[in-house]
Amino acid sequence: MEYFALFIIGLFGSIGHCAGMCGGFVSAYSMKLPQTGNLGAAVKPHLLFNSGRLLTYMLLGILLGAAGQTAAIALGFADLQASIRLFAGAAMIIIALQATGLLRQLRTINPGSFLFKLMRRFHPNSPSKLLISGSLIGLMPCGLVYAAGAQALTANSMVEASLQMAAFGVGTIPTLFVIGLGINKLSAQKRIRIFRSA
């Protein structure tokens, strides 16, 4: 049940949240890609970038799962996981309400312009660069990741926590794929106009 819930949070939360926060980075490298009518060639860069993000989320899941298990044993609190799960559930509800517009967006940490400027100068000319770039973006401050991470803290094992973060990450991928593939369909002139206005 947690996997499906995290997937849905990632899927619907990404429409507003990830599109605004990570969409700029996806657009930055997508505008450097050659326009192509080959679906496989168009999808590959985005698959690599999002694989990097997914890898980071899974590694975070392992760390959070280990931390949760260690805290539960060391502190001897039988209700520790239940308390964390309650917090995670509340965080997910708040973020879901924000994503649907029913709750005013809370102020979040601004990651600054450094990464965006870096991505604007980044040419995705190798699979390793795309993979590493996605991995780094996965570490950006993000309310959705915090909520998923809080849930991962309550997992019964590090593997379960990693898979929970993976379920969340997979849910965020479709929105970023749509942005990247949409940029790929634009002509060079339109890409230049977008790039200059960014």
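Overview of the structure. (Residues numbered from 1 in each chain as written. Predicted model: local features only at pLDDT ≥ 70, side-chain atom pairs only at ≥ 80, totals over all residues. Heavy atoms only, no water.)

**Here's the deal with the environment of Ile173**
The line we're drawing: Counting from the N terminus, the helices are DSSP H or I runs at least four residues long and the strands are E runs at least two residues long. The contact criterion used is simple: two residues touch if any of their non-hydrogen atoms lie within 4.5 Å.
Tracing the sequence through the fold places Ile173 in helix α8 (residues 158-185). Sequence-wise, Ile173 and Cys18 are 155 residues apart; in three dimensions their C-alpha atoms are separated by 9.3 Å. When neighbours within four sequence positions are excluded, Ile173 is seen to be in contact with Asn50 and Arg53.

**Thoughts on the packing of helix α2 (residues 23-30) against α8**
In plain terms, the rule: Each axis is a line fitted through C-alpha atoms, taken for helices only over the stretch in contact, and angles between the N-to-C directions span 0 to 180 degrees. What sets the label is the angle itself: under 35 degrees gives roughly parallel, over 145 gives roughly antiparallel, 65 to 115 gives roughly perpendicular, and the rest give oblique. Crossing handedness: left-handed means the near helix sits turned counterclockwise from the far one by under a right angle, and right-handed means the same turn made clockwise. Classification convention: Asp, Glu, Lys, Arg as charged; Ala, Val, Leu, Ile, Met, Phe, Trp, Tyr, Cys, Pro as nonpolar; all other residues, Gly among them, as polar.
Following both chains from N to C, one finds α2 and α8 inclined at 30°, their axes separated by 9 Å at the closest point. Looking at the two axes, α2 sits roughly parallel to α8. Considering how the two elements wind past one another, α2 and α8 form a crossing that is right-handed. Judged by residue contacts, Gly23, Val26, Ser27 and Ser30 of α2 engage Leu176, Ile179, Gly180 and Ile183 from α8. Of the residues that constitute the contact of α2 with α8, the class distribution is 4 nonpolar, 4 polar and no charged.

**Focus on a nonpolar patch on the surface**
For clarity, the threshold we go by: Patches were defined on residues exceeding 30% relative accessible area and lacking a salt bridge, with like-charge contacts within 9 Å and nonpolar side-chain contacts (Val, Leu, Ile, Met, Phe, Trp, Tyr) within 5 Å. Areas reported as accessible are Shrake-Rupley estimates using a 1.4 Å probe. Residue values count occlusion only from the protein chains shown. Put simply, a salt bridge is a Lys or Arg side-chain nitrogen that is within 4 Å of an Asp or Glu carboxyl oxygen.
Judged by side-chain polarity, Leu55, Leu59, Ile62 and Met158 come together as a nonpolar surface patch covering roughly 340 Å² of accessible area. No other element matches the 3 residues that helix α3 (residues 39-75) contributes to the nonpolar patch. Within the secondary structure layout, Ile62 lies in helix α3.

**Quick look at the packing of helix α7 (residues 143-152) against α8**
Viewed as axis vectors pointing N to C, α7 and α8 meet at an angle of 155°, and their least axial separation amounts to 9 Å. Compared by their axis directions, α7 and α8 come out roughly antiparallel. For α7 against α8, the interelement crossing comes out right-handed. Note on element contacts: α8 touches α7 through Ala161, Gln164, Met165 and Phe168, opposite Leu144, Val145, Ala148, Gly149, Gln151 and Ala152. Grouping the constituent residues of the contact of α7 with α8 by class yields 7 nonpolar, 3 polar and no charged.

**Section: the packing of aromatic side chains**
Operational definition: Between the rings of Phe, Tyr and Trp (Trp by its six-membered ring), a pair exists once the centres lie within 6.5 Å; its type follows the angle of the planes, with under 30 degrees stacked, over 60 edge-to-face, and the other angles tilted. Exposure categories follow from relative accessible area, calculated using a 1.4 Å probe and restricted to protein chains: below 20% of the type maximum is buried, above 50% is exposed, and the middle band is partly exposed.
This structure, assessed with the given rule, holds 1 aromatic pair. With 5.6 Å between their ring centres and 55° between their planes, Tyr57 and Phe168 make a pair best called tilted. One end of the pair, Tyr57, is in helix α3; the other, Phe168, is in helix α8, with 111 residues separating them in the sequence. For the pair Tyr57 and Phe168, one class covers both residues: buried.

**Some words on the side chain of Ser135**
Here Ser135 is to be found in helix α6 (residues 127-137). Discounting residues that sit within four places of it in the chain, Ser135 has contacts with Gly52, Arg53 and Thr56.

**Focus: the side chain of Gln164**
Mapped onto the elements, Gln164 comes out in helix α8. Discounting chain neighbours no more than four positions away, the residues touching Gln164 are Glu2, Tyr3, Leu6, Gln151, Ala152 and Ala155.

**A closer look at empty space enclosed by the protein**
Defined as follows: Grid points spaced at 1 Å and placed over the protein atoms alone form the basis of the search, with a cavity being a set where a 1.4 Å probe fits but cannot get out and a pocket an open set showing protein on both sides within 12 Å along at least five of seven lines. Lining residues have an atom within 4 Å of a point. Grid points are joined across faces, edges and corners, and a volume is the space filled by probe spheres set on the points.
In total, this model carries 1 cavity of 30 Å³ or more according to the counting rule given. In this structure, the largest cavity occupies an estimated 90 Å³ of space. Lining the largest cavity are 12 residues; nearest its centre among them are Met21, Cys22, Tyr57, Cys142 and Val145. Looking at the lining of the largest cavity, the elements with two or more residues in it are α1 (2-21) and α3. For the lining of the largest cavity, the element with the highest residue contribution is α1, accounting for 3 residues.

**Points about the nonpolar core**
Using the following cut-off: The set of buried Ala, Val, Leu, Ile, Met, Phe, Trp, Tyr and Cys residues whose side-chain atoms join them within 4.5 Å is what this entry labels a nonpolar core.
Counting residues in each nonpolar core, the largest one holds 25 residues, and the members touching the most others are Tyr29, Ile137, Leu144, Val145, Met165 and Phe168. Among the secondary structure elements, those contributing two or more residues to this core are α1, α2, α3, α6, α7 and α8. Broken down by element, this core gets its largest block of residues, 5 residues, from α8.

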